[in-house]
Amino acid sequence: MRSRDNINAPEALVLTMVLVSAADGGMTDREIGIMSGLVQTLPAFQDFTSNELADVTERAASLLHEDDGLEHAGRLLRAALTGKLRETAYALGCEVVAGGDGARRQSLEMLEYVRGELGLDTLISAAIERGVRARYQRVEPTD
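Given the structure is predicted, the values throughout are model-derived calculations rather than measurements. (Residues numbered from 1 in each chain as written. Predicted model: local features only at pLDDT ≥ 70, side-chain atom pairs only at ≥ 80, totals over all residues. Heavy atoms only, no water.)

### Quick notes on the overall build of the chain
Operational definition: Strands here are runs of E lasting at least two residues and helices are runs of H or I lasting at least four, both read from the DSSP assignment and numbered beginning at the N terminus. For a compact globule the rule gives 2.2 Å times the number of residues to the power 0.38, and the radius of gyration it is set against comes from C-alpha atoms.
If you tally the helices and strands in the chain, you get seven helices and zero strands. N-terminal to C-terminal, the α/β element order of the chain is α-α-α-α-α-α-α. For 143 residues, the compact-globule estimate of 2.2 N^0.38 gives 15 Å, and the C-alpha radius of gyration of the chain, at 15 Å, lies within 12% of that figure. Dimensions of the chain, computed from C-alpha atoms along their principal axes, come out at roughly 60 × 30 × 30 Å.

### Brief notes about the packing of aromatic side chains
Definition in use: Stacked, edge-to-face and tilted labels apply to pairs of Phe, Tyr and Trp rings (six-membered ring for Trp) whose centres lie within 6.5 Å, assigned for plane angles under 30 degrees, over 60, and everything in between, in that order. Exposed residues in this analysis have more than 50% of their type's maximum accessible area, buried residues have under 20%, and partly exposed residues fall in between, with area computed by a 1.4 Å probe over protein chains only.
Tallied over the entire structure, the rule returns one aromatic pair. For the ring pair phenylalanine 45 and phenylalanine 48, a centre distance of 5.7 Å and an interplane angle of 55° mean the geometry is tilted. In this pair, the class of phenylalanine 45 matches that of phenylalanine 48, namely buried.

### Quick notes on helix α4 (residues 69-80)
Here is the rule we go by: How far a helix is expected to stretch is found by multiplying one less than its residue total by 1.5 Å. Pairs of residues are marked as contacts when any of their non-hydrogen atoms sit within 4.5 Å.
Helix length check: α4, at twelve residues, gives a terminal C-alpha distance of 16 Å against a target of 16 Å (1.5 Å per residue), a fit within 8%. Residues of α4 that are buried: Gly69, His72, Ala73, Gly74, Leu76, Leu77 and Ala80. Of the surrounding elements, those touching the buried residues of α4 are α1 (9-22), α3 (50-63) and α6 (105-117).

### What about the pattern of salt bridges?
Heads up, the condition is: Within this document, salt bridges are pairs made up of a side-chain nitrogen of Lys or Arg and a carboxyl oxygen of Asp or Glu, the two lying within 4 Å of each other.
Under the counting rule described, the total for this entry stands at seven salt bridges. Between arginine 75 and aspartate 68 there is a salt bridge, with its nearest N and O atoms 3.7 Å apart. Judged by its relative accessible area of 40%, arginine 75 falls in the partly exposed class. In this structure, glutamate 109 and arginine 105 form a salt bridge, with 3.1 Å as the shortest nitrogen-oxygen distance. In this pair, glutamate 109 and arginine 105 both sit in helix α6, four residues apart, roughly one turn of the helix. Among the ionic contacts, a cluster of salt bridges with common partners joins Glu11, Asp55 and Arg59.

### Here's the deal with the side chain of glutamate 95
Inspection of the secondary structure assignment puts glutamate 95 in helix α5 (residues 84-99). Once you skip the residues sitting within four places of it in the chain, glutamate 95 turns out to touch Ile34, Leu38, Gly100, Val132, Arg135 and Tyr136.

### A look at the nonpolar core
What counts is decided by this rule: We define a nonpolar core as any set of buried Ala, Val, Leu, Ile, Met, Phe, Trp, Tyr and Cys residues linked to one another through side-chain atoms lying within 4.5 Å.
The biggest cluster of nonpolar side chains holds 37 residues, and the ones touching the most others in it are Val14, Leu15, Met17 and Phe45. If you list the elements that add at least two residues to this core, you get α1, α2 (29-41), α3, α4, α5, α6 and α7 (122-136). Here the element with the most residues in this core is α1; it accounts for eight residues. In this structure, phenylalanine 45 is in contact with Pro10, Leu13, Val14, Met17, Leu38, Val39 and Leu92, ignoring residues within four places of it in sequence.

### Comments concerning the packing of α1 against α5
What counts, and what does not: As a rule, the C-alpha atoms of each element are fitted with a line to give its axis, helices using only the stretch in contact, and angles between N-to-C directions run from 0 to 180 degrees. What makes a crossing left-handed is the near helix being turned counterclockwise from the far one by less than a right angle; a clockwise turn instead makes it right-handed. Under the scheme applied, nonpolar residues are Ala, Val, Leu, Ile, Met, Phe, Trp, Tyr, Cys and Pro; charged residues are Asp, Glu, Lys and Arg; polar residues are all the others, including Gly.
Interaxial distance between α1 and α5 falls to 8 Å at its minimum, and their mutual angle equals 35°. The chirality of how α1 crosses α5 is right-handed. On the side of α1, the interface is formed by Ala9, Leu13, Thr16, Met17, Val20 and Ser21, while α5 contributes Leu85, Thr88, Ala89, Leu92, Gly93, Val96 and Val97. Here the residues of the contact of α1 with α5 are counted per class, giving nine nonpolar, four polar and no charged.

These figures capture arrangement, not role.
Here it is, written out as structure tokens:
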């Protein structure tokens, strides 16, 4: 992504998911599967192909290895996402954390970073988190 100063909204949504997923040092197969499923089903990705997903994921991961990669990622997100898409990006990041192999400290810290970079309201962010958590809660069997 370094070679580009601009990304489009679907690329920014994928970048958000990759940031959160890779925050702990790598992306699990489960997290990649969640991202792929979201890209295949959500209207925000209507014209986005699986080849584009692979390309953007690879570029986003390599961006994190650059000296100022996280700051650059933040600039790209702010430029590409406006209004409700910022909330959508945060929700997608929450989906990856909740559906992955467990919320690790690094992933939660990255969600906090994304929330700050996108200037999201804390009440809206809390509502998004609560909604996502509710979808992934396990139902305990009754005796």
